[in-house]
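Understanding the architecture of this molecule
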Amino acid sequence: MGKVEGGMKCVKYLLFVFNFIFWLMGSFVLAVGLWLRFDPETVSLLSGNKAPDTFFLGVYILIGAGSLIMLVGFFGCCGAVRESQCLLGSFFACLLIIFGAEVAAGVFGFLNKDKIIEDVQNFYTKTYNENSNGTLILSYQKVLNCCGSKSSPCAEPETKDCETGIKDFFDSKLFIIGYVGIGIAGVMIIGMIFSMVLCCAIRNSREVI
C-alpha cells in the first residue's frame, strides 16, 4: 500500500493536529452548551411552567453539535493516521453536513433572536401582572438587577425595568452562541480543505504503486 511522502506527509500531520484541535473545540462547545443549559441564572429565569423554551432549543442544538464534533474529530484523527480514504471521505461528508446544519441554525437563531427575547419579556410581564411578589419575579429582579416593568415602573428611577434587563441578558447569551458558531465554521472549512487534499494525495500515491 502506497504512503504519502514529502509535502503531503506534512499535510497528513497537519490534518491530525487540526482534528485534535477540532476535538478540543467540540469539547469546548459541549461545555458552553452545558453551561448555558445549567447556568443557575438562566435556569431561574426560565423555570416557570409556561416559560418559553426557544432559548433552550438553541442550547440543545449546541450540545448536540459539540458531541458530534468530538466524534467527528476522533474519526478524522484515525483517518489521517491510517491514511484511509474511506475515513477521510466520511470525515469530509460529516463536516459538510455539520457546516450546513450550523449555517441553518445560525440563520434560524438570527431571524428569531428578537422573538426569543420578546417571548421571555411577555412571559415575565404576564407573571408580574398575576403576582408581582412571586418567587419567579423576585428571581428575575435579583438576577437582572432590575425592578418592575415598563407599564409599572420601579420607584427607584435609576434602576432599569425588567423588560430591558431581559433584553440585555439574552442578547449577551445569544452572542456567545453566535461567536462560537462562527469560529467553528471557519475551522471546519480548513478541515474540509485539508481532508480533500490528503485524500486525493493518498489516491494518487496508490495509483502510482
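Residues numbered from 1 in each chain as written. Predicted model: local features only at pLDDT ≥ 70, side-chain atom pairs only at ≥ 80, totals over all residues. Heavy atoms only, no water.

1. Details of the environment of alanine 65
So the rule is basically this: Secondary structure elements follow DSSP: runs of H or I no shorter than four residues count as helices, runs of E no shorter than two count as strands, and numbering proceeds from the N terminus. Relative accessibility under 20% of the residue-type maximum defines a buried residue, over 50% an exposed one, and the middle range a partly exposed one, all with a 1.4 Å probe and only protein chains included.
Mapped onto the elements, alanine 65 comes out in helix H3 (residues 54-82). Using a relative accessible area of 25% as the deciding quantity, one classes alanine 65 as partly exposed. The spatial distance from the C-alpha of alanine 65 to the C-alpha of serine 44 is 25 Å, given a sequence separation of 21 residues.

2. Some words on the packing of helix H4 (residues 85-130) against helix H5 (residues 135-144)
Selection rule: In this analysis, axes come from line fits to C-alpha atoms, helices being fitted only over the stretch in contact, and the angle between any two N-to-C directions falls in the range 0 to 180 degrees. By the definition adopted for this analysis, an angle is roughly parallel if under 35 degrees, roughly antiparallel if over 145, roughly perpendicular if from 65 to 115, and oblique otherwise. Crossing chirality is assigned from the near helix's rotation relative to the far helix, an anticlockwise turn below a right angle marking it left-handed and a clockwise turn marking it right-handed. Working rule for contacts: check all heavy atoms of both residues, and any pair within 4.5 Å makes them a contact.
Axis separation between H4 and H5 bottoms out at 9 Å; the angle between their running directions is 130 degrees. Relative to H5, the element H4 lies oblique. At the point where H4 passes H5, the crossing takes the left-handed sense. Residue-level contacts link Val120, Phe123, Tyr124, Thr127 and Tyr128 of H4 to Leu136, Ile137, Tyr140 and Gln141 of H5.

3. Brief notes about the state of the cysteines
Rules: Here, the term disulfide refers to a pair of cysteine sulfur atoms separated by no more than 2.5 Å.
Inspection of the entire model under this criterion finds 1 disulfide. Disulfide partner of cysteine 146: cysteine 162, at an S-S distance of 2.0 Å. On the S-S bond that ties cysteine 146 to cysteine 162, the torsion sits near 90 degrees, and the link is right-handed. You can see cysteine 146 sitting in the loop between H5 and helix H6 (162-208) and its partner cysteine 162 sitting in helix H6, a full 16 residues away along the chain. Here cysteine 94 is not cross-linked by a disulfide; its sulfur's nearest cysteine counterpart is in cysteine 86, at 11 Å. We classify cysteine 94 as partly exposed; its relative accessible area is 32%.

4. Notes on the pattern of salt bridges
Pairing of side chains with opposite charge becomes possible as their charged atoms draw close. Note the cut-off: The salt bridge criterion pairs a side-chain nitrogen of Lys or Arg with a carboxyl oxygen of Asp or Glu, the two atoms within 4 Å.
Across all of its chains, the model carries 5 salt bridges by this definition. A salt bridge links lysine 167 to aspartate 171, with the shortest nitrogen-to-oxygen separation between them at 3.0 Å. Placement of both lysine 167 and aspartate 171 in helix H6 is noted, with a separation of 4 residues, approximately one turn of the helix. On the basis of relative accessible area, lysine 167 is assigned to the partly exposed category, the value being 39%. One salt-bridge network, in which partners are shared between bridges, spans Lys113, Asp114, Lys167 and Asp171.

5. Side note on the confidence of the model for the protein
Which entries qualify depends on this criterion: One number per residue, pLDDT, summarises how confident the predictor is, and it ranges from 0 to 100.
For the protein, the average pLDDT comes to 79, and 90% of its residues sit at 70 or higher. By mean pLDDT, the top-scoring element of the protein is H5 (84), and the lowest-scoring one is helix H2 (residues 40-45) (75).

6. Topic: H5
Condition: Comment: arc refers to directions from the helix axis out to C-beta atoms.
Turning to H5, its buried residues are Leu136, Ile137, Tyr140, Gln141 and Leu144. For H5, the angular spread of buried residues about the axis comes to 140 degrees, placing them on one side. Exposed side of H5, more than 90 degrees from the buried face: Thr135 and Lys142 are the residues found there. One or two positions beyond H5, positive phi appears at asparagine 145, with a value near 55 degrees.

7. So, the packing of aromatic side chains
To be explicit about the condition: Side-chain rings of Phe, Tyr and Trp, where Trp is taken by its six-membered ring, are said to pair if the distance between their centres is within 6.5 Å; with planes under 30 degrees apart they count as stacked, over 60 as edge-to-face, and otherwise as tilted.
Applying the stated criterion across every chain yields a total of 5 aromatic pairs. Seen from their ring centres, phenylalanine 20 and tryptophan 23 are 6.5 Å apart, and the 15 degrees between their planes marks the pair as stacked. Taken together, the residues span about one helical turn, with phenylalanine 20 and tryptophan 23 both in helix H1 (residues 7-38) at a distance of 3 residues. Residue classification places phenylalanine 20 among the partly exposed residues on the basis of a relative accessible area of 45%. Ring centres of phenylalanine 169 and phenylalanine 170 lie 5.2 Å apart, and the angle between their planes is 80 degrees; this geometry places the pair in the edge-to-face category. Under the relative-accessibility criterion, phenylalanine 170 is labelled buried at 0%. Taken together, the ring pairs connect Tyr124, Tyr128 and Tyr140 into an aromatic cluster.

8. Structural notes on H4
The line we're drawing: To estimate the expected span of a helix, count its residues, drop one, and scale the result by 1.5 Å. Two axes define the bend at a residue: one fitted to the seven residues ending there, one fitted to the seven starting there, and the bend is the angle between them.
If you check H4, its first and last C-alpha atoms are 63 Å apart, about what 46 residues at 1.5 Å a residue would give, namely 68 Å. The largest bend along H4 measures about 55 degrees and falls at asparagine 112.

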